Amino acid sequence: MADTLSPLSFPAAGEQAFHRALKRAAHAYLADDHRYADAGRLALATLLLALCGGFYALALMQQQAWAFFGCYFLFVMMGMLLNVNVNHDASHNAFLRAPWANRLVGRLVTLPLGVDPDYWRVRHVEYHHVYANVEHYDLDTEENGFFRQTPFQRWRKHMRYQHLYWPLIAALSLPYIAWIFDWSDRLGKTPLHEKNILPGRGGWAVFILCKIGHLLLVLGVPLVLCQHNGIGWPWVLLTYTLSQMCASLLVVFLLLGTHWAQAEFYPVPEGTSMPHGWYRHNFATACDWLTSPRWLQHLTGGLNYHLTHHLFPGWNHRHYPALANIVAQLAAQHGMEYRCIGYRELLAQQQQFLRRMGQP
């Protein structure tokens, strides 16, 4: 992983007309509304938070191992949904109006999963969103030796089977972010050291206290109380491990194929400019997909409208269905290739991509 990355630029040539039309249409759509969460999204967040806390409390009161497993598992799943529906928007300052309030909400809802919200926000907003599928610049696709995600990465023999073992990698992704990426970022081993995130002793205190808070919440308190209730520590550790892995797997199921399905990948350019504009880059590296049944989109946090999210990252995901219709219409008029596919097709194209990347 490179320690320093020079900023890249995207030329605007040929995209001004599409840009102006898209901004006009979006402004007209938002005329009597705002881009943040509305009462419905705030109510959903409150409900998920109440369910998360409720299942946690129920888990601590159980005296049967399987009852504890079920309640604890649902506690972690509610925490996962909070991250998908709340923290993702908050990281883009699209949940509440005040940036400090979004950061506070992010700190709260990430405790069940242990991911540091500030480091994740910078990785996601300032690297992945700006440089999606650009080698070395998109930190989400950084080479790791286990999983080949771009045609520019080194091939290893075991990668022939990555289309089979990818669910295990997906299940370990969030724990890897929490305990490898976060600490690598904090210790200055990645390009994020240039961003001065959580500076000084105060920053260290926030980082360490939140990591300790996560461990106390998900392991410390359950280990003590479950031992008192007759549930052994091996069962608590097994429950914690499986719950975290399932939460990670479900998040990756929402995200994984959106930048792989018939998507382009780019090497680092020779100069400081990409060979195409920002809009064409996003159309080439992401797609939208539809949930089945459609009502499930109320729980995906807008991640299924992934291309639309990349075009409107500062908008709450409640707007994405309407914005996706605007994008589809204007893309057809301006020669942009808008892609919106079904989830089964997304999974099929994901498998094709993994098999192709698994070849030498």
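Residues numbered from 1 in each chain as written. Predicted model: local features only at pLDDT ≥ 70, side-chain atom pairs only at ≥ 80, totals over all residues. Heavy atoms only, no water.

Caption draft 1: Quick peek at the layout of surface pockets. Of the voids in this model, the largest pocket is the one considered here, and its volume is about 1,200 Å³. Every element with two or more residues in the lining of the largest pocket is listed here: helix H3 (65-91), helix H5 (117-128), helix H6 (162-171), helix H7 (173-186) and helix H9 (233-255). Per-element accounting of the lining of the largest pocket gives the leading share, seven residues, to H7. Of the residues contributing to the lining of the largest pocket, the split by class is 24 nonpolar, 15 polar and five charged. The wall of the second largest pocket is formed by Met80, Leu81, Leu250, Phe253, Leu254, Trp289, Thr291, Ser292, Leu296, Leu299, Thr300 and Tyr343. (1 Å grid on protein atoms, 1.4 Å probe; cavity = no way out; pocket = protein on both sides within 12 Å on 5 of 7 lines; lining within 4 Å. Points joined across faces, edges and corners; volume = space filled by probe spheres on them. Helix = DSSP H or I, 4+ residues; strand = E, 2+ residues; numbered from the N terminus. Nonpolar A, V, L, I, M, F, W, Y, C, P; charged D, E, K, R; others polar.)

Caption draft 2: Here's a closer look at the pattern of salt bridges. Tallied over the entire structure, the rule returns ten salt bridges. A salt bridge links Asp38 to Arg318; its shortest N-O distance comes to 3.6 Å. Of this pair, Asp38 sits in the loop between helix H1 (16-29) and helix H2 (39-61) while Arg318 sits in the loop between helix H11 (306-311) and helix H12 (320-333), and the two are 280 residues apart along the sequence. Under the relative-accessibility criterion, Asp38 is labelled partly exposed at 28%. With a closest N to O distance of 3.1 Å, Lys195 and Glu126 form a salt bridge. One end of the pair, Lys195, is in the loop between H7 and helix H8 (200-228); the other, Glu126, is in helix H5, with 69 residues separating them in the sequence. The exposure class of Lys195 is partly exposed, given its relative accessible area of 36%. Relative accessible area serves as the criterion here: at 32%, Glu126 is assigned to the partly exposed category. Shared partners join several salt bridges into a network, and the residues in it are Arg103, Arg107, Asp116, Asp118 and Arg121. (Salt bridge = Lys/Arg side-chain N within 4 Å of Asp/Glu carboxyl O. Buried < 20%, exposed > 50% of the residue type's maximum accessible area, 1.4 Å probe, protein only.)

Caption draft 3: Up close: the side chain of Asn316. Mapped onto the fold, Asn316 is located in the loop between H11 and H12. Among the polar contacts listed, one links the side chain of Asn316 to the backbone oxygen of Ala94, at a separation of 3.1 Å. Among residues more than four places away in sequence, those in contact with Asn316 are Arg35, Tyr36, Ala37, Arg41, Asp89, Ala94 and Phe95. (Polar contact = N/O pair within 3.5 Å; in protein donor to acceptor, adjacent residues only side chain to side chain. Contact = heavy atoms within 4.5 Å.)

Caption draft 4: A look at the side chain of Ser248. Within the secondary structure, Ser248 sits in helix H9. Ser248 sits in the buried class, given a relative accessible area of 0%.

Caption draft 5: View of a nonpolar patch on the surface. On the surface, Tyr176, Trp179, Ile180 and Leu215 cluster together to form a nonpolar patch covering roughly 330 Å² of accessible area. At three residues, H7 tops the list of elements feeding residues into the nonpolar patch. Mapped onto the elements, Leu215 comes out in helix H8. (Patch = residues over 30% accessible without salt bridge, like charges linked within 9 Å, V, L, I, M, F, W, Y side chains within 5 Å. Areas by Shrake-Rupley, 256 points an atom, 1.4 Å probe, with all protein chains shown as cover.)

Caption draft 6: Seen up close, H1. Here H1 contains 14 residues, and its C-alpha end-to-end distance of 20 Å stays within 8% of the 20 Å for a straight helix at 1.5 Å per residue. By the burial criterion, the buried members of H1 are Phe18, Ala21, Leu22 and Ala26. On an axial view of H1, the arc spanned by its buried residues comes to 125°, and they lie on one face. Facing away from the buried side of H1, by more than 90 degrees, are the exposed residues Arg24, His27 and Ala28. Where H1 is buried, its residues touch helix H10 (278-285) and H12. (Expected span 1.5 Å × (residues − 1). Arc of directions from axis to C-beta.)

Caption draft 7: Region of the structure containing H2. Counted at 1.5 Å a residue, the expected span for H2 with its 23 residues is 33 Å, and the 33 Å between its end C-alpha atoms agrees. Listed in full, the buried residues belonging to H2 are Arg41, Leu44, Ala45, Leu48, Cys52, Tyr56, Ala59 and Leu60. In this fold, the buried residues of H2 make contact with H3 and H8.

Caption draft 8: Spatial organisation of the nonpolar core. Membership of the largest hydrophobic core comes to 45 residues, with the highest contact counts inside it found for Phe68, Tyr72, Phe75, Val76, Met80, Val86 and Phe95. Counting only elements with at least two residues in this core, the list comes to H2, H3, helix H4 (99-109), H7, H8 and H9. Per element, the largest residue contribution to this core is 13 residues, and it comes from H3. By size, the runner-up hydrophobic cluster in this structure holds 21 residues, among which are Leu30, Ala286, Ala324 and Ala331. (Core = buried A, V, L, I, M, F, W, Y, C linked by side-chain atoms within 4.5 Å.)

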